[in-house]
Amino acid sequence: MRHRNSGKRLGSNTNHRTAMMRNMVTSLFEHEKITTTDARAKELRPMAEKLITLAKRGDLHARRLATEVVRDCKTVAKLFERIAPRYAERPGGYIRIIKLGHRLGDNAALSMITLIEDE
């Protein structure tokens, strides 16, 4: 029974999965798009969207909460100063997942996860 166990295990233990998600969300904010497997992209989306919503608040407490996850001061500064003002008018849905097909080695479904550009 999986009562009160949310999220996918992604073939790793808790510490590795947490570190992997932190690294992926840091890379997403740094490069604004990354390519990963479909399951990892679907697990990454809520985490990234919560951080963008937190950055839209813009206060010191929100910055400290974001630093607990991202751990890179330059990326946190980019999140608060460049990425969050882009979505000031948008109520949600900052991330887009685009399916790319299958990987040659193990036939895993690949996806590209990007930040949505406002027109």
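Before any of the text, the structure's been laid out above.
Residues numbered from 1 in each chain as written. Predicted model: local features only at pLDDT ≥ 70, side-chain atom pairs only at ≥ 80, totals over all residues. Heavy atoms only, no water.

## A few points about the nonpolar core
Our working definition: Only buried Ala, Val, Leu, Ile, Met, Phe, Trp, Tyr and Cys residues count toward a nonpolar core, and they belong to the same one when joined by side-chain atoms within 4.5 Å. Summary of the burial criterion: residues with accessible area below 20% of their type's maximum are buried, those above 50% are exposed, and those between are partly exposed, where the area comes from a 1.4 Å probe applied to protein chains only. Secondary structure elements follow DSSP: runs of H or I no shorter than four residues count as helices, runs of E no shorter than two count as strands, and numbering proceeds from the N terminus. By definition in these notes, contact holds between two residues if any of their heavy atoms fall within 4.5 Å.
Counting 27 residues, the largest nonpolar core has Phe29, Leu44, Leu51, Ile52, Leu79 and Ile95 as the members making the most contacts within it. Of all the secondary structure elements, the ones that give two or more residues to this core are α1 (14–31), α2 (38–57), α3 (60–70), α4 (73–86) and β3 (109–115). Not counting residues up to four positions away in its chain, the partners in contact with Leu44 are Met21, Met24, Val25, Leu28, Ile34 and Ile113.

## Digging into the pattern of salt bridges
Rules: By salt bridge we mean one thing: a side-chain nitrogen of Lys or Arg within 4 Å of a carboxyl oxygen of Asp or Glu.
Inspection of every chain in the model, using the stated rule, returns 7 salt bridges. In this structure, Glu32 and Arg86 form a salt bridge, with 3.0 Å as the shortest nitrogen-oxygen distance. Taken together, the positions of Glu32 in the loop between α1 and β1 (33–37) and Arg86 in helix α4 put the pair 54 residues apart, joining distant regions of the chain. Residue classification places Glu32 among the partly exposed residues on the basis of a relative accessible area of 22%. The partner of Asp59 in a salt bridge is Arg57, with the nearest N and O atoms 3.5 Å apart. Assessed through its relative accessible area of 33%, Asp59 is described here as partly exposed. Put simply, Glu32, Lys78, Arg86 and Glu117 are held in one network by salt bridges that share partners.

## Here we look at the sheet that holds strand β2 (residues 95–102)
For clarity, the cut-off: At least two bridges found by DSSP between two strands is the condition for calling them paired. Axes here mean lines fitted to C-alpha atoms, for a helix over just the part in contact, with angles spanning 0 to 180 degrees between N-to-C directions.
Read across the open sheet, the 3 strands follow the order β1-β3-β2; overall the sheet is antiparallel. Looking at strand neighbours, the two that pair on one side only are β1 and β2, the edges of this open sheet. Recorded for the sheet is a direction-independent mean angle of 25 degrees between the axes of neighbouring strands. When β2 meets β3, the two strands line up antiparallel, connected through 7 bridges. Residue pairing for β3: Ile95 is matched across the bridge by Leu115. Contacting β1, β2 and β3, α2 crosses the sheet at an angle of about 170 degrees to β2.

## Overview of the environment of Ile52
Among the secondary structure elements, Ile52 is positioned in helix α2. Ile52 gets classed as buried once you look at its relative accessible area, which sits at 0%. Along the backbone, Ile52 and Tyr87 are 35 residues apart, and their C-alpha atoms lie at a distance of 8.3 Å. Apart from residues no more than four positions distant in its own chain, Ile52 is found in contact with Phe29, Leu79, Ile83, Tyr87, Tyr94, Ile95 and Leu115.

Take it as geometry only, folks, not as evidence of what the structure does.
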